[in-house]
Amino acid sequence: MPDKKNDKQPVANLPVYHPHPPPWLPPIHGEGDLGYPGFQPPRPGQDEDVMSATNIKNGYILPQPVAVETFSAQAMINGKLKLGDTLSKLEELMDEVFTRKTEQLPVIPSSSFHLPSRVTLNDAKRQAWFADLANPDVPLHKLGKSVPHGAKGHDLLDQLHDNHVAIPRAVWFLRVFGANETAGLRNKPSYNPTQYSLEWANVVTSYLKKQLDVIMLPTAPRPGLTYKHTFKGVLSDTESRDRWVSRFSYSLKLLRTFYYEGLVDRRSFLVWLTLQMKSCSLAQAGFVARLVDEYLDDIFHILALAKPLVEASLHKLSELLNSISSDTDISSLNLFEHDNRDHMALAEKLDMLLTWSVTPLQYGDHRPIAAVTLIRNWRDKACERATRRAQEVAGELGNIRSVALLYGKLVKFNLYSYPNYIQRLVARGETGLACSETTLSRHHHFLRWIPLFNSTPSLINQRKLALHGVYARETPEDAVEREIRKELRLLLPGLFSGPCSDTWTSAADLLNECKTFVTASRHEQVRTFKQWLLPSFESVVPGEKTDGQRSDLVKSYKTTVELMDYAKCFSSILDLTMCMLRNAFDSETMVSVVDVLHRYAAIWPCMDAIPAIVSALDNAYQHWKARGLQSRPLLGLLVEFDNGRHLAEGSRNQIMSDITAFMTALRPVGDHVDAVPDVLPEIMSLHETSDLNAPSTIADGLWIKYRMSSNWATKAWSNTLTSFQRISATIPDSDARSTVALRYSTFLYRIDQHLPNGLDECILQWFNESGLSQLPTLNPETWEILERMLFHLVVQGALKTTTILHGLVYPAWNSVSSFELIEAPQLAYLNAANKLSKELLLQDDQSGIAGTQHLFDMQRIRTRRQAVYSEPHFSKLARSIPLLIYLENLEKLPPDLRSNMSCLRRRICQDPGFRQGAYRNLDVIREAFEASPYLMGTCYDNLRKEAISGLKLILWDAVDDVPSDDWPEVSSLLSPWKLAATTILMQFQIKQVGRALSEETTHEAASNALDKLTVMLFHHTKTSEEAYFVGEMTRGAEPTVAMKFVKTGLSCIKDVLKDAKVDGVDFAKTLNRVGELLRILIHVTTPFREHFTPLPSLDPTCHEQFLRILNTKITELGALITSNKSSDKHKTNLILLARLLQFILNFRDNSSPLVMKEVGQSISNAIFRLVIHYGSGENIDETIYPLLFDTLMFIYDEIPVDQRGLSIDPFRHYPDTSATSLPSAMPSEYRKQILAIITRNPPSRVVCNLVHSYRDAQGIIVLGAPVANRPWEWVEYLGEPNTTEENDRERFETKHSIKNSGSISLETFGARLTGDSIVRNLVRSVDDRRVEDDLRSFEDGLASESVFARDWRETRVTVNLEPVTNHVQRMKIDGDHHAAPRQFYPNPVKSDGKSTPKGSPAASIVSRSSGRDSRKHQSPSQASGSGTFHRLSNSTMGDAMDVDSMSTAASKKPNTTKRKTGVDDDEEVEVVEGPVPNEGPGTSKRPRTSQTGSKTTPAQKTRASLRKK
C-alpha cells in the first residue's frame, strides 16, 4: 500500500458547492420559504452528522415513527369523525384555505390592447405590405403594428381581390381599417358603434350592384352585326367570365363574414337584396336568386321583407315562363293512400267509388273494373283492411246488372266474401231469398246475379239452398244454362260445326237469336262462358285448319266477343283474345285480335292487364318475325300499349329498329327518283276492268315505280277523286256506284299497305289544302261514291275516323256561314258531312249502320270511333255542338237539312260514348259553350233557349227548355253524381245573364231578373249546402253578375251592422244574421280566389263605408276586451268581425289605397293589441289568436307602399315595438310570429342573448341592458410570439399570470383567476410520466385525464432503466474531479453479482422528512428503478447510486470507489476530514468525467443544455 503522505498533493482552490433542487420541482409554498418537497440539502448540526458508535457501526438509520406492519389510523380517524364539531371544523378549515388562496391571487390586469395605427406608405411599400398580407407564411402580428392608409371603398375591395388575400386576413384588415375610421367618434355622446356598418353596407351593396350591372341580355339581332356585337356581356367571353366569377365569388365570401359578424348593417343589406330582386333583369335574376337563397332564413323571419321578396320572385318567374283513359297507369292511382288512419274518410271514398261504378248517371263500361282494380291495389298495400259498404243505388233493380258486375269482380279477387254474405243473411233470418216466395228481397237478386269464381261445392250448395230450398234437385239455372248452350251452338257453327253466319247487320239482330242468353242472369252468363265456351275455344283454336276453317273460327271469335260485350264479361274477352293471339298465324286473325284489343283499350288499364297484354303482343311479334312476316297493326298496337313503360329497354329498341327498317323498305332512298305524273291512266280506267285483282295489281305497280317519291300516294288519291267526278254521271245505278267505291277502296287500301306512315296522313293533308276548295264543288253523285269509299277505308283501318271529321265534316259545318247561297254542290257537301258523321259516330242496334254489310264491319267502326271521344279530338267535337245549334237556327238552310242537323246533334249528345267523354272532360263542355263565337253577338237572344237546352241535353236526359231567369229548385239538382254537371249548366245560365247585361237590348230584362234572384237569395235564410251551390253556380260568371250578388249582400250587411252597439244585448243576434249573409258571399266569390282571379272592384262608396264601420266596431270591441271585460260572447263577435274584415279586404278598386292609408293603420293597431292580448298570459286563445294574426297580415299586405319616393321603407306601417316589451308569459311559437312583425334588423349572433349584469347589495345578479355589438372595435387578437428561453422554474412561478391583451377586456365578462392550473403544461419538458405523478401530489390543479388514465398511471411501474440512467446523469451534482459520482440506489450490483457495501458521503446529512417523503412519493430517479431496492429500506434520496454499473451492466468492473447506505464491514469505513474550503464566488466548477470501461460520461451539464435536450 503506498504511503498516503507521498500521495498528498496541493489541493486547488475549488468553489463551494451549493446544492440546487431539480428544475422541474416546484416550491412548497408560493411566498413562504419552506423549501422544496423531497429536497433537503445538508446543513450544519443535523442529526446525520452525530458520530455515535451506532451510527459509525450501523450507519444512520431513520427511526420508525409507527409500527409499519401493524399500524392503522382508521380507529383514530373514526373517533375524530364521530365528534360533533369535526365536520364543521373541517369545513371552516377548507373555507379558510380557499379564502386565503383567493386573496393571494393576483387581479386581472388592465387591458393592454392597442389598435394598429394607420401609416401612409408609398406605392411600392403599400404593395409589399399587401403582398405580405396575402402571404399565409407571414404572421399577422408582424403586420399588426400598423396598416397602410390610402384606398377606400370599391378600390380597397378590388385591391384585396387582386392580391388574392385570404378571406380571414382580408376581414381582419378591413376591420382594422374601419376601426381607425371611427376612432375619432367613439368619445362622442351620440356615437353609434354600428353606424359604420351602415356605411359599409352601402359600400358592399353598391360594389355588388356594380358587378351585377355588367350582366345583361343580348340585344335584338341586327343585319351586319355578329353575335359578339349584339351581346357585350362579360359572360360571353371565357376570360372576362372567369374574371367576373372570381371577383363576384370573392365578394360573396367577404359578404358572408361581414353579415355574420355585423360588419354590414343587416337591415340595410336585406332591404337592398329584396329590392334588387324586384329591379334586376332576367339575366341578373339567377345570381340574385342565389344570393337570396343564402340569406333566406333571415328574410323570412321579417315579414316586411318576406312579402315583397316573394312578390318580386313570382314576378320574375312569370317573366321567365312566357282522368282514366287508355293511357292511364292505374297502378299509379292511389285513391285511398292517405286514409289508412281516417276510417271515416276511407268509408266515404269507398262509398263514392262503389256508387260511381254502378250508377246510371255516369258512363263507361270501364267503371266497375276500374273500381275493383283500385280496391284490389289498395287491399294489396293495406293487407286485410277491407270494409263492407252498401249504397241505396245498389238496391235498385234497374242497376242489378252493374251491381252484379261490380260484386262479381270483388268476389273474384277476394275483396268481398260471398260465403260470409250468405251466412249473415241466413243468420239474421232474411226473408224473400227463395224463388218460391211471393215478395223477393233485393238480396235474392244479389245472390242470383252475382257470379262465383273459384267456388267450392259447399258454397254452391249454400247458394242453392238459399235460393231454391232443400228439396230442389235441379234448379231453373241449370235449365237456362242448357238452353244458352243450345243457342250458342247455332250462333257459332264455325266453332262447333258448319259454316258461320254473317247475315247479322247489327248487335240487335244477333241478340234476337239468343233471347235466353239475353234474359239470363250474370251468374248464368259468366258460368256458361267460363265453364263451357272458353274451354271449347281453347281446345279448338290451336289445331291445324284450312283457310276456310280459320276464317269461320275468326267469325265465331268476333261473334263471341259481341256476346261477351253485351254481358260485360271483359275478363272472358281478354282470356279469349289472348288465346287467339297465341294462335294468330294469319293476317285476318291478327287484325281481328288487334281490333278487339284496341276497341277495349280503356278497359284493360282498369283491369291492370296492360303489362300482360304487352308481353303477349311482344311474343306474337317475335313469333311473326321469326317466320319472316310483318304486321303493321301488331307493331302499332304494341308500341301504343307499351308507351315506354312495360317492355325491356333492349326489346323496345329492337322493335323501334325494326319499325325503322320496315319504313325504309317501303320508301327507299335513292338518287334517281321518278317524277309522278299528274294523270295516271291506270287509275282512271280502274272502274272499267272486270279483273278482281286489278286494284291490287295497279297499286303494286305504282309502288314499284314511284316508291322513292314522297307524293305518289297523294297523286293516286287525286286521280281517284278525278275519276269519280268523270264517271259519276255515267253510273246511274246506286249499286253500281257502291261496286266502284268498293273497288277503289280496295285499291287505296293496297296503297296504304305500301306507305311507311299509311294513307291517312296523305289524305288529311289533302283535306287541309286542296280539299278545302274542291270538296264544296262536288256533285251529289260523286259524293255518293266518295262516301262509300271513305267508309270502307275507315272500316279497313286505312283512314281514321278523326281524319274524316277534322278534314271533311267540321270544315263543312264551319263553311256554311261563308256561303251566300246554298246551291246543290254545297247542299250535297253538307248532306255528305252529316251522313258520314252519322255513320261513323252513331250506332243503331235496330237496323245497323248504312253501308255496313255485316256485324263485323260495325265492330270495326266501334273500334275506330274510340279515338273521337278522347283528347285532343273530343274537344273539337264538343266545340261543334254549339255550331250545330247555330246551324239548326240558320234560316238560309233548307228545313230538311236543319232538321237533319238537329236530329244528328241530339243523337250525338245522347250517345253513351259522347256522354262518357263529356263527363270525363266537363271543363271542355263548359268551355265549348261559353267560348263559342256562334252563341255570342247580336244573335244571342234567339239562341239562348236552344243553347241552354243543348247543354242540358248533354248533361241530362231531359230536353225541356230552361229559361235563364228562372231559379230552379235546388233539391232537384243536388244529386251527388250530377252536381258537377248541374253546376256547369247553371254557370252557363248565369253567364248568359251576364252577357245579356252587356247588351243594350237585353240589359234591362236581364238586370231585373238578376235583381229578383239576388233579393230572393239574401232575404231568405240559406243553408251552407245551398250557399256552396250558389258559389259553384256563379263560378266563372261575368264580373257584373258576381258583383251584383256581392253588392246586394254587402248592402244588407252594412244596413244590419251600422246601427248595432257592440255592448248591446242584441249585438250577438245581429252578427248571427251577418254570418248567414257572409257565408253566401264567401261561396259566391270562391271561384275568383281558387283561380287566382282578382276580385272585381266594389263600388268605392260602399267599400269605404264598410271599412269605416268595421274599424269602429273592431276598435270599440277591442277596448272592451282589453279592459278586462272580455267574455265568450265578445270572442264570438270578434271572430265574425275579423272574418268580415278579411272578406272585404279581398276587393280592391282605385280608391282602396287611399282608404287603406287612412283606415288601415288604425285597424292594424287595434288588431295588434288584440293579438298581444290573446297571445299571452291567461288570455291565450288558440282559436282567436291565429285568426287575428292572419287578419293582421292581411291588413299589412293591403296597406299600399309609396313607390314614388327615392327610398322605400318596408317597415313604415309595422309596429314600432321592441322585443323586450313583449309579455314574458307568451308561447315561443307566438313570440316567434310577433317578432317577425316587429323585427327590423336581424339580431347578431355574436351578441345574441348577451346582456350586461351586476350584483346588487345582497349579491344577487341583476340583468341589465342587452350588449351592443361593436363589430369594428372588436378586432381579432393576433397574439405574441412565445419565448423559448423561459425555463421551467419561471414558467411555474408565472403560471397564475394572465395577459388581458384582447380587444374585448376580460373585465367585461367578470373574469378572475381561480388559482388552478393544468399540471401537464408544467412538465412538458420531462419525458418521465412518474414526474407528473409527483407534481400532481405536490399541488392542487386541474386534471386533463380520465379516471382510467389516472389509474393506469398510478398503478404501473417502469422497468426500463435506461431512461432513468440518462435522467440521473443529467441531475448529477458537481464535485471533485477525482471523487466518485453520487449514487441514488443502495447496494449497487457488481459485475460478479455481489453487492458493493459502499456508503455515500452524503448519506449522513439527509433529513428525516426527506425519508418520509420518499416513502410516499418516489423521486423521478427512484421511479424508474424502484424495482431494484427493497420496499422497507430506510435509504433516502441522498443515497449514492452506481450509475455506471446501471448504464453498463454488461461492461467491465468500474474503477471508481463505490459507497453504500448501510455499513456491512467496518473495514470499508472512511472518515472524511472536512469540507473543502470555499474559494470565493468567482470560482467556477470544473467538469469531470467518470471512466467506465471505454465510455466517458460527463458528470454535469448546464441546465440550459438539459432543457434543450
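If you're wondering where the values come from, they're calculated on a predicted model, not measured in any experiment.

Enquirer: When you look at the overall build of the protein in this model, what are you seeing that I'm missing?
Expert: On a plain count of helices and strands, the protein comes out with 64 helices and six strands. Across the 1509 residues of the protein, 46% fall into the buried class. For the protein, the exposed area adds up to about 78100 Å²; of that, 53% sits on carbon and sulfur atoms.

Enquirer: Help me out: how do you make sense of helix H22 (residues 476–491) in this one?
Expert: Side chains three or four residues apart in an α-helix point the same way, a direct result of the helix having 3.6 residues per turn. Here H22 is 16 residues long and its end C-alpha atoms lie 23 Å apart, about the 22 Å a rise of 1.5 Å per residue gives. What H22 keeps buried is the set Glu477, Glu481, Ile484, Glu487, Leu488 and Leu491. One face of H22 carries all of its buried residues, which in axial projection span an arc of 125°. Along H22, exposed side chains directed more than 90 degrees from the buried face belong to Lys486 and Leu490.

Enquirer: Can you walk me through the pairing of strand E3 (residues 1251–1255) in this structure?
Expert: The side chains of a regular strand alternate between both faces of the sheet. Bridge count between E3 and strand E4 (residues 1261–1266): four bridges; the pairing is antiparallel. Following the sheet pairing, Ser1253 is matched in E4 by Leu1263. Between the antiparallel neighbours E3 and E4 lie five residues, among them Gly1259 with a positive phi of about 85°.

Enquirer: Explanation requested: the packing of helix H38 (residues 780–796) against helix H39 (residues 801–814) in the structure shown.
Expert: The geometry of H38 relative to H39 is characterised by a closest axis approach of 9 Å and an angle of 145° between their N-to-C directions. On H39, the residues that touch Trp783, Leu790 and Val794 of H38 are Thr801, Ile804 and Leu808. In terms of residue class, the contact of H38 with H39 is built from five nonpolar, one polar and no charged.

Enquirer: Honestly, the environment of Ala947 in this entry has me stumped. Any pointers?
Expert: Residue position: Ala947 is located in helix H46 (residues 940–955). Distance from Ala947 to Tyr886, taken between C-alpha atoms, is 8.7 Å for residues 61 residues apart in sequence. Ignoring anything within four residues of it in the chain, the contact list for Ala947 reads Ile885, Phe929, Leu935 and Phe988.

Enquirer: When you look at the packing of aromatic side chains in this model, what are you seeing that I'm missing?
Expert: Note on aromatic pairs: each is described by the distance of the centres and the angle between the planes. This model, assessed by the stated rule, comprises 32 aromatic pairs. Taking 6.0 Å as the distance between ring centres and 65° as the angle between the ring planes, the aromatic pair formed by Tyr600 and Trp604 counts as edge-to-face. Using a relative accessible area of 6% as the deciding quantity, one classes Tyr600 as buried. Taken together, the ring pairs in this structure connect Trp129, Phe130, Phe173 and Phe177 into an aromatic cluster. Taking the ring centre of Trp624 as reference, the NZ or CZ of Arg627 above it sits at 6.0 Å. Over the aromatic face of Trp703 sits the side chain of Arg707, whose NZ or CZ is 5.6 Å from the ring centroid.

Enquirer: Explain the pattern of salt bridges here, please?
Expert: Pairing is possible between side chains that carry opposite charge, provided their charged atoms lie close to one another. For the structure on display, the rule yields 34 salt bridges. In this structure, the salt-bridge partner of Lys89 is Asp85, at a minimum N-O distance of 3.1 Å. Its relative accessible area of 36% is what places Asp85 among the partly exposed residues. One network of salt bridges, with partners in common, ties together Arg118, Lys152 and Glu181.

Enquirer: It is not clear to me how unusual backbone geometry should be interpreted in this structure. Could you clarify?
Expert: Between Glu871 and the following residue, Pro872, the backbone shows a cis peptide bond with an omega angle of 10°. Along the chain, the position of Pro872 falls in the loop between helix H41 (855–865) and helix H42 (873–888). The backbone of Lys568 shows a phi angle near 60°, a positive value even though the residue is not glycine. At Asn1249, a residue that is not glycine, the phi angle is positive and equals roughly 65°. Checked against the element boundaries, Asn1249 lands in the loop between helix H56 (1228–1238) and E3.

Enquirer: What is the right way to read the nonpolar core from this model?
Expert: Taken as a class, soluble globular proteins show a tendency for nonpolar side chains to be buried jointly. Formed by 136 residues in total, the largest nonpolar core has its most connected members in Leu133, Phe173, Trp200, Leu1050, Leu1141 and Ile1144. Looking at this core element by element, the count peaks at ten residues for helix H55 (residues 1184–1198). When neighbours within four sequence positions are excluded, Ile1144 is seen to be in contact with Leu1050, Leu1098, His1103, Phe1106, Leu1107 and Leu1110. Counting residues in hydrophobic clusters, the runner-up holds 100 residues, among them Met789, Val809, Leu904 and Ile954.

Enquirer: Where do I start with the side chain of Asp298 in this structure?
Expert: Take Asp298: it is sitting in helix H14 (residues 296–300). For Asp298, a relative accessible area of 15% puts it in the buried group. Of the polar contacts made by the side chain of Asp298, one reaches the side chain of Tyr259; its length is 2.5 Å. Residues contacting Asp298, with those up to four places away along its chain left out, are Tyr259, Arg266, Leu270, Pro1242 and Arg1245.

Enquirer: Before we go on, may I ask you to explain a nonpolar patch on the surface in this structure?
Expert: The grouping of Met76, Ile77, Leu81, Leu87, Leu90, Leu93, Met94, Val97 and Phe98 at the surface amounts to a nonpolar patch, some 860 Å² of accessible area in total. Elements represented by at least two residues in the nonpolar patch include exactly helix H3 (74–82) and helix H4 (86–104). Since its relative accessible area comes to 42%, Leu90 is described here as partly exposed.

Enquirer: Explain the environment of Ala741 here, please?
Expert: Looking at the element boundaries, Ala741 is found in helix H35 (residues 734–754). Judged by relative accessible area, Ala741 falls into the buried class, the value being 0%. On a C-alpha basis, the gap between Ala741 and Arg788 in space is 5.8 Å, while along the polypeptide they are 47 residues apart. Those residues in contact with Ala741, other than ones at most four positions away along the chain, are Ile785, Arg788 and Met789.

Enquirer: Explain the side chain of Asp752 to me, please; I cannot follow it from the model alone.
Expert: With respect to the element layout, Asp752 can be found in helix H35. Here the side chain of Asp752 touches Gln753 through a polar contact of 3.2 Å, side chain to side chain. Contacts of Asp752, omitting those with residues within four sequence positions, involve Arg632, Gly758, Leu759, Asp760 and Ala798.

Enquirer: Can you help me understand helix H7 (residues 153–162) in this one?
Expert: With respect to burial, H7 is a largely interior element, seven of its ten residues being buried. Residues of H7 that are buried: Gly153, Leu156, Leu157, Asp158, Gln159, Leu160 and His161. In this structure, the buried residues of H7 make contact with helix H5 (123–134), helix H8 (167–181), helix H9 (195–212) and helix H11 (238–261). Downstream of H7 by one or two residues, His164 has phi in the positive range, about 60°.

Enquirer: What am I meant to see in the confidence of the model for the protein here?
Expert: A low pLDDT score tells you not to read the predicted coordinates there in detail. For the protein, the average pLDDT comes to 76, and 75% of its residues sit at 70 or higher. A low-confidence stretch, residues 219–231 (pLDDT under 50), is modelled with ten contacts involving residues beyond four sequence positions or located in other chains. This model gives residues 384–392 a pLDDT under 50, and the stretch forms 16 contacts once residues within four places in sequence are excluded.

Enquirer: Explain the packing of helix H28 (residues 587–599) against helix H30 (residues 632–642) here, please?
Expert: Between two packed helices, what matters for the description is the angle formed by their axes and the separation of those axes. H30 packs onto H28 with a crossing angle of 25° between their chain directions and a minimal axis gap of 9 Å. Accordingly, the angle class assigned to the pair H28 and H30 is roughly parallel. In the packing of H28 onto H30, the handedness of the crossing is left-handed. Counting all contacts with H28, which are made through Met590, Val591, Val594, Leu597 and His598, the residues of H30 involved are Pro633, Leu634, Leu637, Glu640 and Phe641. Partitioning the contact of H28 with H30 into residue classes produces eight nonpolar, one polar and one charged.

Rules behind the numbers
Residues numbered from 1 in each chain as written. Predicted model: local features only at pLDDT ≥ 70, side-chain atom pairs only at ≥ 80, totals over all residues. Heavy atoms only, no water. Helix = DSSP H or I, 4+ residues; strand = E, 2+ residues; numbered from the N terminus. Buried < 20%, exposed > 50% of the residue type's maximum accessible area, 1.4 Å probe, protein only. Areas by Shrake-Rupley, 256 points an atom, 1.4 Å probe, with all protein chains shown as cover. Expected span 1.5 Å × (residues − 1). Arc of directions from axis to C-beta. Pairing = 2+ DSSP bridges. Axes fitted to C-alpha atoms, helices over the stretch in contact; angles between N-to-C directions. Contact = heavy atoms within 4.5 Å. Nonpolar A, V, L, I, M, F, W, Y, C, P; charged D, E, K, R; others polar. Phe/Tyr/Trp six-rings, centres within 6.5 Å; stacked < 30°, edge-to-face > 60°. Lys NZ or Arg CZ within 6 Å of the ring centre and 35° of its normal. Salt bridge = Lys/Arg side-chain N within 4 Å of Asp/Glu carboxyl O. Core = buried A, V, L, I, M, F, W, Y, C linked by side-chain atoms within 4.5 Å. Polar contact = N/O pair within 3.5 Å; in protein donor to acceptor, adjacent residues only side chain to side chain. Patch = residues over 30% accessible without salt bridge, like charges linked within 9 Å, V, L, I, M, F, W, Y side chains within 5 Å. pLDDT = per-residue confidence, 0-100. Parallel < 35°, antiparallel > 145°, perpendicular 65-115°, else oblique. Left-handed = near helix turned anticlockwise from the far one by under 90°.

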